[in-house]
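Structural overview
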Amino acid sequence: MKSKHIIDLEDLSANELTEIIKLANEIKERPSDYAEACKGKILATLFYEPSTRTQMSFKTAMLRLGGSVIGFDNPQNSSVSKGESLKDTITVVGGYTDIIAIRHPLEGTAKAASMYSDAPVINAGDGGHLHPTQTLTDVVTLYNEKGSLDGMTIGLCGDLKNGRTVHSLIKTMSHFRNNRFVLISTPELAVPQYIKDVMNASDCTYLEVPSLIEAMPMLDVLYMTRIQRERFASEEEYEKEKGVFVLDKEKLLSAKRDLKILHPLPRVDEITVEVDDDERAKYFIQTVYGMYARMALIKTMLGNTDKTPTARIFDTHNVQCSNPRCITKTEKYLPKIFREVGGDMLICKYCENRTLI
Amino acid sequence: MKSKHIIDLEDLSANELTEIIKLANEIKERPSDYAEACKGKILATLFYEPSTRTQMSFKTAMLRLGGSVIGFDNPQNSSVSKGESLKDTITVVGGYTDIIAIRHPLEGTAKAASMYSDAPVINAGDGGHLHPTQTLTDVVTLYNEKGSLDGMTIGLCGDLKNGRTVHSLIKTMSHFRNNRFVLISTPELAVPQYIKDVMNASDCTYLEVPSLIEAMPMLDVLYMTRIQRERFASEEEYEKEKGVFVLDKEKLLSAKRDLKILHPLPRVDEITVEVDDDERAKYFIQTVYGMYARMALIKTMLGNTDKTPTARIFDTHNVQCSNPRCITKTEKYLPKIFREVGGDMLICKYCENRTLI
Amino acid sequence: MKSKHIIDLEDLSANELTEIIKLANEIKERPSDYAEACKGKILATLFYEPSTRTQMSFKTAMLRLGGSVIGFDNPQNSSVSKGESLKDTITVVGGYTDIIAIRHPLEGTAKAASMYSDAPVINAGDGGHLHPTQTLTDVVTLYNEKGSLDGMTIGLCGDLKNGRTVHSLIKTMSHFRNNRFVLISTPELAVPQYIKDVMNASDCTYLEVPSLIEAMPMLDVLYMTRIQRERFASEEEYEKEKGVFVLDKEKLLSAKRDLKILHPLPRVDEITVEVDDDERAKYFIQTVYGMYARMALIKTMLGNTDKTPTARIFDTHNVQCSNPRCITKTEKYLPKIFREVGGDMLICKYCENRTLI
């Protein structure tokens, strides 16, 4: 692997991604061959906000590789978050353990952590920014359920404006050939322009559709997400529209026989319980693929023999990131690092927010 | 084992129960023979209410079998309980792990969980309803300390009306031969009629006695439990009566030399600290037997080769259970399943509460 | 080892301490030789107050020895602390596990716990009283970084009055030859007389210095600790003095080239972040030594073949300890045990507080 840390799924080349997907498959087929693959290794799960399922998936993955796990699951229980900088915590934990999975409510935290950790860091979610192991879960599921990652018509339904898992899945699937995205949402919650740019620049196409029922017959894959009540333009809008984006048995009548329904979970009511018994529902088995995906990722990262110590990084600009949810807002010692994108625009290397100079 | 899950100790036949008791003994005698018996297996401890000792007992049991453990210990720390149904949580965790121990404040939760779990489920306490591994602990202790489960005079002292461990122990010991129960309580806190029915229908007898001191000389076993202050008929009653059900050194003067004193723990003040030094006090070693009991149970359940996937269950009646603490009150999607008991009475298959049609 | 439990580092003879330091080194050099040294053994980490780093250090130590860990990290999540005596909890956990590390806000708790535990007990911090594994960490660090524990000039900076790690380090280093302590503090926060007595009675000398800058050129080791704002005599005093005890790059200009900077962590602002990049900063690697120190301690304690059961201890005096933070204040059943120190003075054997008869 080129990159020591996985902050964004884009840290993996298409080739590396394919290797990990294949390894996940291989582990799923022959788990006992991997039961001691990480024996003696320790994973730290540093969860600065609770996310029980993600944490259980990481823990199970490490345990099924024969490794062990330490960590914390809640800042309230943890003295770590009190009066100690992220830098100090990560430096210490990176000295204790072999690999770190970090989740934090602020954007850019995993990137910041990776700058101080001798152990490889996996981003287990940094606010609304990135959650690469969810996308890895999604593509491992698609590869297993469809046999390939090319040539699919993939419906994405729900809040496509704010959904980080949706954006990440589109970016990743755009690297493969000939996929078509069907974007199912309200106009207010459509995918942002930069995601459309990604699709336009790729081998893939997309179309926008205002309702689930309209999209259904053409889909090979349906990726459901939730629209939060407060995301609708108004309460009247919500009452009028809410059913349009709920998957139920009736809407499934016009679906293909080999449709695969995915969901990042937890679901609330955007998929009715009766759909669970439909054999096209894959959102529960998807979590099992997620476990294999994380096993493959951890094993690959621990197999990386590059032991170069973390180099000190220096300010690139004397500018503050303008994103109030960026980790640089609370961790003041972090170097101010930006990427220039023409004119007077900078992109923060932590949270990827755009800041005007 | 006939039953895949252990919701009630009655899920085990007398023969299966005896096998597990013997296995617990065997593990106790030769622990190193079992140190890798569950290697590579994962136990999930899903504790929707804190019960540190029960959780530590399950964890230790699994670790001493060479397995490992994931889980949570408190709904407040856990995102699982927020906005996610029990069904979804259990389905996901059942996909990650090999066996689940669940504790929940609502009655019938373990039964509900077992309906959605491919992994075997152990009830680690569902509200005031059942706690089968405590009873298993009790009978393993009795078998070890007395050499048999027949022909004993067993005193049960405290709140016999509400104490689920007392009811369960009486039911289980009634399957063995020639036991005599001495029920030591206030009239208001006597055992319910259906428990008396169980004893009457069995090979066993019982008598009711109003004070510990009166019962003491006849007992082979004394099973102490606590009476909560608010359970007494009045504050005056409490002040007058409280000492009557407290075990102290003085009351032990008339006890048999080989009496065995048990308590499910934690104790508050119903056994004075000085009794701890009496060699008839077995309530601490009882927790060690509990660890071996859970090891035997887990090993037996994981050895079950029946891998039939969980079948969908349908409503038997169109009726709501009337018990406000039943899991069906909060998890609305659960099928309404009842057992008919003559006339117009239904018994809820989750919480065993009686509901009039 | 003479002592079964480690409540105070003084429970180890100088010889035993040296053996553990050497073992820590040996484990650091050849970790794989020790990867299964405690296989099948279970450590309980009973943390009645959160201390995530100390707990992670203990857990990692046990896992890297091939053992496993159970425990709790917060009284709020734990039913153990509710309505159950320390005695009962320890007796039960001592029956489940092979070794216990306990942390508690009240002084003397580890001593009290050791009286009821068949498993060896390690004090992981009892209020402001003792924290022996921190001192063990410090001396393992010094031994590794300096090659010996003799003949050093050791600066100790910060709150020397209240800092338990400072007192313990002075006591331990006073057992070695020819060390010189440079005590850097305000007059109000100077080391207490009894610590001066320890140095005076030893082979070591000390001097008191009012500022870091003055002490710097003579130091081989600088042990930094924090002065809490509220410890200063007044707010004006704080504003005037605070910079005097902060280590920054400038103050390091006059330091020796082979100075070693230690800190028990977490640091707040008493060492500026820029110092982290100075190669004399050893406070992060110190935590790694701490892990090896705990591995050596755990392995040594588990190797102790003395299985004498815990003997009952009786009151030595009919007196209450006068320390309001002593564990005997809340756990009333604890025997009242004191050491007489001439005249009418008693020293509590739990918290070491002096009480007048």
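Refer to the structure presented above.
My aim in this report is to walk through the structure given alongside it, one point at a time. Predicted model only: the values in this text are computed from it and were never measured.

Rules used throughout
Residues numbered from 1 in each chain as written. Chains lettered and ligands numbered in written order. Predicted model: local features only at pLDDT ≥ 70, side-chain atom pairs only at ≥ 80, totals over all residues. Heavy atoms only, no water. Buried < 20%, exposed > 50% of the residue type's maximum accessible area, 1.4 Å probe, protein only. Helix = DSSP H or I, 4+ residues; strand = E, 2+ residues; numbered from the N terminus. Pairing = 2+ DSSP bridges. Right-handed = clockwise from strand over helix to strand, strands pointing away. Contact = heavy atoms within 4.5 Å. Buried area = accessible area lost by both parts, 1.4 Å probe. Salt bridge = Lys/Arg side-chain N within 4 Å of Asp/Glu carboxyl O. Least-squares fit on C-alpha atoms with pLDDT ≥ 70 in both. Axes fitted to C-alpha atoms, helices over the stretch in contact; angles between N-to-C directions. Parallel < 35°, antiparallel > 145°, perpendicular 65-115°, else oblique. Left-handed = near helix turned anticlockwise from the far one by under 90°.

Some points on the pairing of strand 8 (residues 221-224) of chain B
Residues and elements named next belong to chain B. Because side chains alternate across strand 8, one face comprises the buried residues V221 and Y223, and the other comprises L222 and M224, equally buried. Where strand 5 (residues 153-157) lies against strand 8, 4 bridges are found, and the strand directions are parallel. From the neighbouring strand, G155 faces strand 8, where its bridge partner is L222. Handedness of the β-α-β unit built from strand 8, helix 9 (residues 235-241) and strand 9 (residues 260-262) comes out right-handed.

A look at the interface of chain B and chain A
Every contact between the two is made by 27 residues of chain B and, on the other side, 25 residues of chain A. Between chain B and chain A, the buried area comes to about 2100 Å², and carbon and sulfur atoms account for 54% of it. On inspection of chain B and its partner chain A, the count reaches 6 salt bridges. For A:D277, the salt bridge identified is with B:R312, shortest N-O distance 2.5 Å.

Digging into the relation of the copies chain C and chain B
Taken as rigid bodies, chain C and chain B are interconverted by a rotation of 120 degrees and an axial shift of 0.0 Å, the fit giving an RMSD of 0.0 Å. Such a combination of turn and shift is consistent with a three-fold rotation axis.

Let's talk about the packing of helix 1 (residues 14-29) of chain A against helix 5 (residues 132-146) of chain A
Residue and element names in this part refer to chain A. Two elements in contact, helix 1 and helix 5, have axes separated by 10 Å at closest approach and are oriented at 65 degrees. On the basis of their axis angle, the class for helix 1 and helix 5 is roughly perpendicular. Helix 1 and helix 5 meet at a crossing whose hand is right-handed. Where helix 1 abuts helix 5, its residues L17, I20, I21, K22, A24, N25 and K28 lie against L136, V139, V140, Y143 and N144.

Considering the sheet that holds strand 1 (residues 42-47) of chain A
Residue and element names in this part refer to chain A. Strand order in the open sheet made by the 4 strands is 2-1-3-4, with parallel pairing throughout. At either end of the open sheet lies a strand with only one pairing partner, and these are strand 2 (68-72) and strand 4 (121-126). Taking the axes of each pair of neighbouring strands and ignoring which way they run, one obtains an average angle of 15 degrees across the sheet. By the bridge criterion, 5 bridges tie strand 1 to strand 2 in an arrangement that is parallel. When the bridges of strand 2 are listed, L43 appears paired with V69. Packing against the sheet, helix 2 (residues 52-64) makes contact with strand 1, strand 2, strand 3 (99-104) and strand 4, and its axis sits at approximately 175 degrees to strand 1.

As for the relation of the copies chain B and chain A
Rotating chain B by 120 degrees about the axis while translating it 0.0 Å along that axis superimposes it on chain A, leaving an RMSD of 0.0 Å. A different interface surface on each copy is seen, since only 4% of the contact residues of chain B are contact residues in chain A too.

Focus on the pattern of salt bridges
Oppositely charged side chains can pair when the atoms bearing their charge come close. Evaluated as defined, the whole model comprises 60 salt bridges over all chains. Put simply, C:K196 and C:E208 hold a salt bridge, and the shortest N to O gap is 3.1 Å. Of this pair, C:K196 sits in helix 7 (residues 193-200) while C:E208 sits in strand 7 (residues 205-209), and the two are 12 residues apart along the sequence. Exposure remark for C:E208: the relative accessible area of 42% places this residue in the partly exposed category. One connected set of salt bridges, linked through shared partners, spans A:E36, A:K39, B:E36, B:K39, C:E36 and C:K39.

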